[in-house]
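# Commentary on secondary and tertiary structure
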Amino acid sequence: DLARPGPATMTVYDVAGRRVATLAAGHHRAATHRITWDGRDGRGRATAAGIYFVRLVAGDASITRKIILLH
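Now for a quick tour of the structure.

## Notes on the overall build of the chain
Along its length, the chain carries zero helices and four strands. Walking the chain from its N terminus toward its C terminus, one meets helices and strands in the order β-β-β-β. The principal-axis extents of the C-alpha atoms in the chain amount to approximately 35 × 20 × 15 Å. Counting all 71 residues of the chain, 25% fall into the buried class. With the model as given, the accessible surface of the chain reaches about 5300 Å², and the carbon-plus-sulfur share is 51%. Computed over 11 positive and 5 negative side-chain charges, the inter-centroid distance for the chain is 1 Å.

Now the structure itself:
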């Protein structure tokens, strides 16, 4: 949920902190958004099953959540 319109970025990281994929980047309207990660990296290659972190940065706020990718 974005309370205000503005720039937002959602990125997936592996447990070592390396960027795996950017799911969204750019200006977004204030609304509820749904983003699905297909388990592929930024080059379109399938990633390994395991633990990843998803980080949303919107304006000066950010939130990070742990996710588990199962195949």
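## Comments concerning the nonpolar core
By size, the foremost hydrophobic cluster in this structure holds nine residues: Met10, Val12, Val20, Ala21, Ala24, Trp37, Tyr52, Val54 and Leu69. Those elements that provide at least two residues to this core are strand E1 (6-14), strand E2 (19-28) and strand E3 (50-58). Top element by residues in this core is E2. It accounts for three residues. Not counting residues up to four positions away in its chain, the partners in contact with Trp37 are Val12, Val20, Ala21, Leu23, Thr47, Tyr52, Ile67 and Leu69.

## As for the side chain of Thr11
Relative to the assigned elements, Thr11 resides in strand E1. Here Thr11 falls in the buried class, since its relative accessible area comes to 5%. Not counting chain neighbours up to four residues away, the residues in contact with Thr11 comprise Arg19, Ala21, Thr22, Phe53, Val54 and Arg55.

## A look at the layout of surface pockets
In this model, the largest pocket occupies a volume close to 300 Å³. Contributions of two or more residues to the lining of the largest pocket are made by E1, E2 and E3. Of the residues that constitute the lining of the largest pocket, the class distribution is 11 nonpolar, four polar and one charged. What lines the second largest pocket is a set of 16 residues, among which Leu2, Arg4, Ala58, Gly59 and Ala61 lie closest to the centre. Listed by contribution, the elements that provide at least two residues to the lining of the second largest pocket are E1, E3 and strand E4 (61-69).

## Some words on the sheet that holds E4
As summarised here, the arrangement of the four strands in space is E2-E1-E3-E4, forming an open sheet in which the pairing is antiparallel. The open sheet terminates on both sides in strands that have one partner only, identified here as E2 and E4. In this sheet, adjacent strand axes meet at a mean angle of 15° when their direction is disregarded. Of the strand pairs in this sheet, E1 and E3 are connected by seven bridges, and their pairing is antiparallel. Of the residues in E3, the one forming a bridge with Tyr13 is Phe53.

Scoring rules and cut-offs
- Along each chain, residue indices are assigned from 1 in the same order as the chain's sequence is written.
- Given that this is a predicted model, residues contribute local features only at a pLDDT of at least 70 and side-chain atom pairs are listed and counted only at 80 or more, while totals for whole chains, interfaces and linings are drawn from all residues.
- Working from all heavy atoms in the structure, the side-chain values ignore hydrogens and water.
- Helix and strand labels come from DSSP, where a helix needs a run of H or I of at least four residues and a strand needs a run of E of at least two; each type is numbered from the N terminus.
- Only protein chains enter the accessibility calculation, which uses a 1.4 Å probe; a residue whose area is less than 20% of its type maximum is buried, one above 50% is exposed, and one in between is partly exposed.
- The method behind every accessible area is Shrake-Rupley, applied with a 1.4 Å probe, and residues are considered shielded solely by the protein chains displayed.
- Under the convention used here, Asp and Glu are negative, Lys and Arg are positive, and both His and the chain ends fall outside the count.
- Here the site of a charge means NZ on Lys, CZ on Arg, CG on Asp, or CD on Glu.
- In plain words, nonpolar cores are sets of buried Ala, Val, Leu, Ile, Met, Phe, Trp, Tyr and Cys residues tied together by side-chain atoms within 4.5 Å.
- Whether two residues are in contact is decided by their heavy atoms: any pair within 4.5 Å suffices.
- Grid points spaced at 1 Å over the protein atoms alone were grouped into cavities, where a 1.4 Å probe fits but cannot get out, and pockets, open sets with protein on both sides within 12 Å along at least five of seven lines, with lining residues defined by an atom within 4 Å of a point.
- Grid points are joined across faces, edges and corners, and a volume is the space filled by probe spheres set on the points.
- Each residue is assigned to one class: nonpolar for Ala, Val, Leu, Ile, Met, Phe, Trp, Tyr, Cys and Pro, charged for Asp, Glu, Lys and Arg, and polar for all the others, Gly among them.
- Pairing between strands is defined by DSSP: at least two bridges between the two strands are required.
- Lines fitted to C-alpha atoms define the axes here, with helix axes fitted over just the stretch in contact, and angles between the N-to-C directions of these axes take values from 0 to 180 degrees.

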